[in-house]
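Residues per chain, in single letters:
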Amino acid sequence: MAVTVEKAQKLGYTCLKALLRFAFMVANNLVAIPSYVLYLIVLQPLRILDSKSFWYIEGVLFKWLLAMVASWGWWAGYTVVEWGDDVKAVSEDEAMVLVNHQATGDVCTLMMCLQDKGTVVRQMMWLMDHIFKYTNFGIVSLIHGDFFIRQGRTHRDQQLVLLKDHLEKYYRSRDRKWIVLFPEGGFLRKRRETSQAFAKKNNLPFLKHVTLPRLGATQVILKTLVAPQENGTPPAGDGLRRESKSKGLQWVIDTTIAYPKGEPIDIQTWILGYRQPAVTHVHYRIFPVKDVPLEPEALTNWLYQRFIEKENLLTHFYETGAFPPPQGQTKAISREMTLSNLWLVAIQSFAFLSGGMWYCLFQYLYHCLF
C-alpha cells in the first residue's frame, strides 16, 4: 500500500509541476512574443535610417526569446554536453550547420547549446518545416527572416527557387552568419523506413540512427553563399553585391545530436518537464567549405559520407555512452555546456516587465481615446 501511495504522490507532483510549467510557458509567450513584435514596430523609423542597427537590436531580442525557450529545458534538468571541435572558434565566420533530426526537441537543444557561442544565435538563420510558421513562434521567425520549407516532391523545385531568392534578399542584408538546416528532411521515425528502402535499392549503406540526407537545400545554400574566390562564380543577386566585404560561407559544421538510450526529447517534454532530468550530447565536426564539392554527384557522395559518419558516431555513443575520440587521438574530450540562471531570470523579468509596460500603455491610450 505504501508503494501505491508513494507512486500516487509522485504522479500527482509530476502532474502539478507539468501544469504549473505549462501555465508559465503560456504566460511567457503572451508577454514575450507580442513585446518582441511591438518593439520592432516602434523601431521601424530606425530600420529606414540605420538598417544595420535595427537588425542588431532585432537579433538581440531574438536571442533572448530563444534563451527563454532554452530556460524551459534548463530548469527541468535537460542539459547538454558537447564533444568534438570547438565551434566557438568559428562563431564570427559564416557557416552552414548540418544537423540530424530525431524530434522537435532538436531545435530546443540547439537553442540552448548555441547560447554561449558569441553572436551566433542573434545572427543565425533557420530552415524549418513550413508547419512551424503556424506555431506561436512563427511570427518571430517570419520577422527574423528564417525560411519555411514545404516538404514533398511536388513542391521541391519551387521551394529551392524560393530558398535561393530568400538567401539573396535577406542573408547578407541582415548580417546573418550561421544557417541551420536538417538535411534528412524529416524526423528519423518518419523517414527511416523509406530511407532504408532507397538505400537497399541503390546499394547504399543500411542506416538505423540517421537517414540518407537530401541534396537540394544544401546545394542551393553552398552555391548562393560561397564567395566567388571559393567557387569561381560571380556573386548571385544584389543582396550579395551590397556586401562586398563578406568572405562568404567559410565552414560547414556537421552536428550530431544524441539522446540517452536513443530516446529523443520532444517539445512537449521540454515544456512540461515530466521526464526525469537528462543530458543530451552534441558532437561537432568542422569542415572548411573549400573542401566541400559543389558538383551534384560529388556533393551527394560527400553528404552521404557525413551521415554514414553520424551513424557510426551514434552507434558508438549508444553502445558506450560517449562519442569516440577524433582520429589519431586516444581520448575524447567532452565539455559541459552551462547557462547562467541569473541571466535567464533577468531575461524573463525583462519579458514580463515589457508585457506589463505595453499593457499599461494600451490601457492609457484606450482611456485617452474613448
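The name that an unreviewed UniProt entry assigns to the protein is Lysophosphatidylglycerol acyltransferase 1, with the source organism given as Junco hyemalis. Recorded under Sequence similarities (unreviewed entry), the UniProt text for the protein is reproduced unchanged: "Belongs to the 1-acyl-sn-glycerol-3-phosphate acyltransferase family."

**Student:** So what's going on with the sheet that holds strand E1 (residues 78-84)? Which residues, and what values?
**Tutor:** The 8 strands lie next to each other as E4-E3-E5-E2-E6-E7-E1-E8, forming an open sheet whose pairing is mixed. Edge strands, defined here as strands with exactly one partner in the open sheet, are strand E4 (147-149) and strand E8 (334-336). Taken pair by pair, the neighbouring strands of this sheet meet at an average axis angle of 25°, ignoring direction. Direction of pairing for strand E2 (residues 94-99) relative to strand E6 (residues 249-258): parallel, over a ladder of 6 bridges. Each bridged residue has a counterpart across the sheet, and for Glu94 the counterpart in E6 is Leu249. Helix H12 (residues 296-320) contacts E2, E6 and strand E7 (278-288) of the sheet and is inclined by roughly 35° relative to E6.

**Student:** Give a description of the packing of helix H3 (residues 51-74) against helix H4 (residues 105-113) that names residues and reports values.
**Tutor:** For the pair H3 and H4, interaxial distance at closest approach is 8 Å and the crossing angle is 105°. The angle between H3 and H4 falls in the class roughly perpendicular. Across the interface between the two elements, Leu66, Val69, Ala70, Gly73 and Trp74 of H3 pack against Cys108, Met111 and Met112 of H4. Tallied by class, the residues present in the contact of H3 with H4 amount to 7 nonpolar, 1 polar and no charged.

**Student:** Kindly report on the packing of aromatic side chains, identifying the contributing residues and their values.
**Tutor:** Applying the stated criterion across every chain, the model contains 12 aromatic pairs. Between Phe62 and Phe137, the aromatic rings sit 6.4 Å apart at their centres with planes inclined by 55°, giving tilted as the arrangement. In this pair, Phe62 is assigned in helix H3 and Phe137 in the loop between strand E3 (124-129) and helix H5 (138-144), connecting sequence segments 75 residues apart. Each member of the pair, Phe62 together with Phe137, is buried. With 6.2 Å between their ring centres and 35° between their planes, Tyr78 and Trp270 make a pair best called tilted. Of this pair, Tyr78 sits in strand E1 while Trp270 sits in helix H11 (residues 267-272), and the two are 192 residues apart along the sequence. This pair shows no difference in class: Tyr78 is buried, exactly as Trp270 is. What links up through ring pairs into an aromatic cluster is the set Tyr39, Trp64, Phe350 and Trp358.

**Student:** Describe in detail the nonpolar core, supporting the description with residues and values.
**Tutor:** With 59 residues, the main nonpolar core has Leu110, Leu114, Trp126, Trp178 and Ile253 as its most contacted residues. Top element by residues in this core is H3. It accounts for 12 residues. In this structure, Leu114 is in contact with Val120, Val121, Met124, Trp178 and Tyr284, ignoring residues within four places of it in sequence.

**Student:** Hey, could you go over the pattern of salt bridges for me, with residue numbers and the actual values?
**Tutor:** Enumeration over the complete set of coordinates arrives at 10 salt bridges. When the shortest N-O distance is used, the salt bridge between Lys117 and Glu82 registers 2.8 Å. With Lys117 in the loop between H4 and E3 and Glu82 in strand E1, this pair connects stretches of sequence that are 35 residues apart. For Asp116, the salt bridge goes to Lys88, with nearest N and O atoms at 3.8 Å. Of the two residues, Asp116 sits in the loop between H4 and E3 while Lys88 sits in the loop between E1 and E2, which places them 28 residues apart along the sequence.

Reading the values: the criteria
Residues numbered from 1 in each chain as written. Predicted model: local features only at pLDDT ≥ 70, side-chain atom pairs only at ≥ 80, totals over all residues. Heavy atoms only, no water. UniProt positions renumbered as here; feature names shortened; annotations may be inferred. Pairing = 2+ DSSP bridges. Helix = DSSP H or I, 4+ residues; strand = E, 2+ residues; numbered from the N terminus. Axes fitted to C-alpha atoms, helices over the stretch in contact; angles between N-to-C directions. Contact = heavy atoms within 4.5 Å. Parallel < 35°, antiparallel > 145°, perpendicular 65-115°, else oblique. Nonpolar A, V, L, I, M, F, W, Y, C, P; charged D, E, K, R; others polar. Phe/Tyr/Trp six-rings, centres within 6.5 Å; stacked < 30°, edge-to-face > 60°. Buried < 20%, exposed > 50% of the residue type's maximum accessible area, 1.4 Å probe, protein only. Core = buried A, V, L, I, M, F, W, Y, C linked by side-chain atoms within 4.5 Å. Salt bridge = Lys/Arg side-chain N within 4 Å of Asp/Glu carboxyl O.

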